[in-house]
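# Results of the structural survey
These are the residues of each chain, in order.
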Amino acid sequence: MSAAPYAVEPRLLRAFLTVAEELHFTRAAARLYVAQQALSRDVRRLERELGVELFVRSTRQVALTGDGERLVPHARRVLAAQEELVAAFRQVRPLLVDLNSPGLATGVRVLRRARELVPELELMARYESGLTHAAAEILAGRLDVSFGRFAGLEPVVRARLEQQPVRYEPMTVILPEDHRLAGLDAVPLAELAGERAYAGAGNPRTPEWTDLAERLFEGRGIEVAAPAPPAVGEEEFQRIMAKTRTPVLAVVDFPPMPGTVSRPLVAPVPLSPVSLVWRKGLAHPGLDALRRAAAELAGAEVWLSDPEDGWIPVTDALIMMTFT
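Residues numbered from 1 in each chain as written. Predicted model: local features only at pLDDT ≥ 70, side-chain atom pairs only at ≥ 80, totals over all residues. Heavy atoms only, no water.

### A closer look at empty space enclosed by the protein
To keep it simple, the criterion reads: A cavity, in this analysis, means grid points on a 1 Å lattice covering only the protein atoms where a 1.4 Å probe fits yet has no way out; a pocket is instead an open set bounded by protein on both sides within 12 Å along at least five of seven lines, and a residue lines either one if it has an atom within 4 Å of a point. Grid points are joined across faces, edges and corners, and a volume is the space filled by probe spheres set on the points. By definition, any uninterrupted DSSP run of H or I lasting at least four residues is a helix, any uninterrupted run of E lasting at least two residues is a strand, and each is numbered from the N terminus. Residues are grouped as follows: nonpolar covers Ala, Val, Leu, Ile, Met, Phe, Trp, Tyr, Cys and Pro; charged covers Asp, Glu, Lys and Arg; every other residue, Gly included, is treated as polar.
With the rule as written, the count across this model stands at one cavity of 30 Å³ or more. In this structure, the largest cavity occupies an estimated 30 Å³ of space. The wall of the largest cavity is formed by Gly148, Arg149, Phe150, Ala151, Pro273, Asp316, Ile319 and Met320. If you tally residues by element for the lining of the largest cavity, the top one is helix α11 (residues 314–321), at three residues. Considering only residue class, the lining of the largest cavity consists of five nonpolar, one polar and two charged.

Structure below.
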């Protein structure tokens, strides 16, 4: 064995130890809530730093080498000591979690499950009404975590953030209850041709949502309704709907509003990609709990399955497939 470096990052030891326990890179990556490629990179980096081969890899199995077996007890002692050190001196501050808007279920369910996982921590909800605005608050240090369409952020903003895919939310249209399409169980997109649908145009907090609508409507004869002040509250929403009769693009869990009906969109089924988003370098046990909760729910509810006739922009699909 060559001379070991003066310091080895605990993250690399944790990656090694998890693979050593699972003897399977895919299962180990799922336990750590990271992409398999990122886990493999960390293991290879540790091997380079120690100057040894830790695993024998084949297409069918992973096994520890002699040096890998020798490293296991050392890695466990180092990680245990690190956890004791952090626990002795850290006073964990509350984690500020943006749920976008009251009533949207995805973020609420992830937050609820995370609170069950770490009841001793304080995870506090916020409502910033759009990922673009929330991302600015995250980078300014006034918010920790948000949910939304990561691909809709500017590249320079995305470069300073990290994300974990959570859900493809089916999209719906909200209609006045006496609208010509309100009697349908589901609304084919072709039936909206000639309509103007509200999708937050002009709202500086939600340009990522307007951009998604424009991509969906392109070539289908549907227009994004002109900018208007956002209606706040059920009563105001109902009044504006009755006055303008403008269909509203929404997602499947959008809370019901008096005087309206919500109908799923089909042919194709448009999907709104939702990610958990946080500032690069953020370390907080509440974030770890949110990532675990998101992964659990995504698996149990099949949130990341793409329907056979689903629609999602190519840029979004690529970003949702590559995460930290």
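Read on for the rest.
### With respect to the nonpolar core
Stated formally: Joining through side-chain atoms within 4.5 Å is the link that ties buried Ala, Val, Leu, Ile, Met, Phe, Trp, Tyr and Cys residues into a set, and such a set is a nonpolar core. Three labels apply to residues, based on accessible area from a 1.4 Å probe with only protein chains included: buried if under 20% of the type maximum, exposed if over 50%, partly exposed otherwise in between. Between two residues, a contact is recorded if the distance between any of their heavy atoms is within 4.5 Å.
Ranked by size, the top nonpolar core spans 24 residues in total, and within it Val97, Val110, Leu123, Val145 and Leu290 carry the most contacts. The set of elements that each furnish at least two residues to this core consists of β3 (95–98), α5 (105–117), β5 (145–148), β12 (269–279) and α10 (285–300). With seven residues, the top contributor of residues to this core is α10. For Leu123, the residues in contact, after removing those within four places along its chain, are Leu95, Leu111, Ala114, Arg115, Val118, Gly286 and Leu290.

### Observations concerning the pairing of strand β11 (residues 260–266)
For the record, the criterion: In this analysis, strands are considered paired if DSSP registers two or more bridges between them.
Bridge count between strand β6 (residues 161–176) and β11: five bridges; the pairing is antiparallel. Its bridge partner being in β11, Thr172 is matched across the sheet by Pro264. Pairing between strand β7 (residues 187–188) and β11: two bridges, direction parallel. Paired with Pro188 across the strands is Val266, a residue of β11.

### Side note on the packing of α5 against α10
To keep it simple, the criterion reads: Fitting a line to C-alpha atoms yields each axis, with helices limited to the stretch in contact; the angle taken between N-to-C directions then spans 0 to 180 degrees. Each angle gets one of four labels, with under 35 degrees taken as roughly parallel, over 145 as roughly antiparallel, 65 to 115 as roughly perpendicular, and the rest as oblique. We call a crossing left-handed when the near helix sits turned anticlockwise from the far one by less than a right angle, and right-handed when that turn is clockwise.
Packing of α5 against α10 leaves a shortest axis separation of 8 Å and a crossing angle of 120°. The angle between the axes of α5 and α10 places the two elements in the oblique class. Helix-helix and strand crossings are classified by hand; for α5 and α10 the assignment is right-handed. Counted together, Arg109, Val110, Leu111, Arg113, Ala114 and Leu117 of α5 and Ala289, Leu290, Arg292, Ala293, Ala294, Glu296 and Leu297 of α10 form the full contact between these two elements. A breakdown of the residues in the contact of α5 with α10 according to their chemical character gives nine nonpolar, no polar and four charged.

### A closer look at the packing of aromatic side chains
The criterion, for reference: Aromatic contacts are taken between Phe, Tyr and Trp rings whose centres are within 6.5 Å, Trp giving its six-membered ring; a plane angle under 30 degrees counts as stacked, one over 60 as edge-to-face, and the others as tilted.
Overall, the coordinates contain two aromatic pairs when judged by the stated rule. Both rings, one in Phe16 and one in Phe55, keep their centres 5.5 Å apart while their planes meet at 45°; by these two values the pair is tilted. One end of the pair, Phe16, is in helix α1 (residues 10–22); the other, Phe55, is in strand β1 (residues 55–57), with 39 residues separating them in the sequence. The exposure class assigned to Phe16 is buried, which follows from its relative accessible area of 0%. Between Phe25 and Phe55 the ring centres are 6.1 Å apart and the planes differ by 70°, which places this aromatic pair in the edge-to-face class. Here Phe25 is found in helix α2 (residues 25–32), whereas its partner Phe55 is found in strand β1, with 30 residues between them in sequence. When its relative accessible area of 9% is taken as the criterion, Phe25 is described as buried. Each residue in the set Phe16, Phe25 and Phe55 is aromatic and connected to the rest through ring pairs, giving one cluster.

### With respect to the pattern of salt bridges
Stated precisely, the cut-off is as follows: Between Lys or Arg on one side and Asp or Glu on the other, a salt bridge is scored when a side-chain nitrogen of the former is within 4 Å of a carboxyl oxygen of the latter.
The final tally for this structure, using the stated rule, is 24 salt bridges. Asp253 is paired through a salt bridge with Arg167; the nearest N and O atoms lie 2.7 Å apart. On the criterion of sequence distance, the pair formed by Asp253 in the loop between β10 (248–251) and β11 and Arg167 in strand β6 is long-range, its members being 86 residues apart. Judged by its relative accessible area of 10%, Arg167 falls in the buried class. The partner of Glu191 in a salt bridge is Arg180, and the shortest N-O contact between them spans 4.0 Å. Of this pair, Glu191 sits in the loop between β7 and β8 (196–197) while Arg180 sits in the loop between β6 and β7; the two residues are eleven residues apart in sequence, bridging distant segments of the chain. For Glu191, a relative accessible area of 37% corresponds to the partly exposed category. One network of salt bridges, in which partners are shared, links Glu9, Arg11, Asp42, Arg45 and Glu49.

### Some thoughts on the environment of Met257
Within the secondary structure layout, Met257 lies in the loop between β10 and β11. With a relative accessible area of 14%, Met257 lands in the buried category. Considered as a pair, Met257 and His133 are 124 residues apart in the sequence and their alpha carbons are 25 Å apart.

### Brief notes about the environment of Ala29
Summarising the element assignment, Ala29 is placed in helix α2. Counting along the chain gives eleven residues from Ala29 to Ser40, while the straight-line C-alpha distance between them is 8.9 Å. Setting aside chain neighbours within four positions, we find Ala29 in contact with Val34, Ala35, Gln36 and Leu39.

### Notes on the environment of Ala151
Within the secondary structure, Ala151 sits in the loop between β5 and α7 (155–158). Taking the C-alpha atoms as reference points, Ala151 and Leu276, 125 residues apart in sequence, are found 12 Å from one another.

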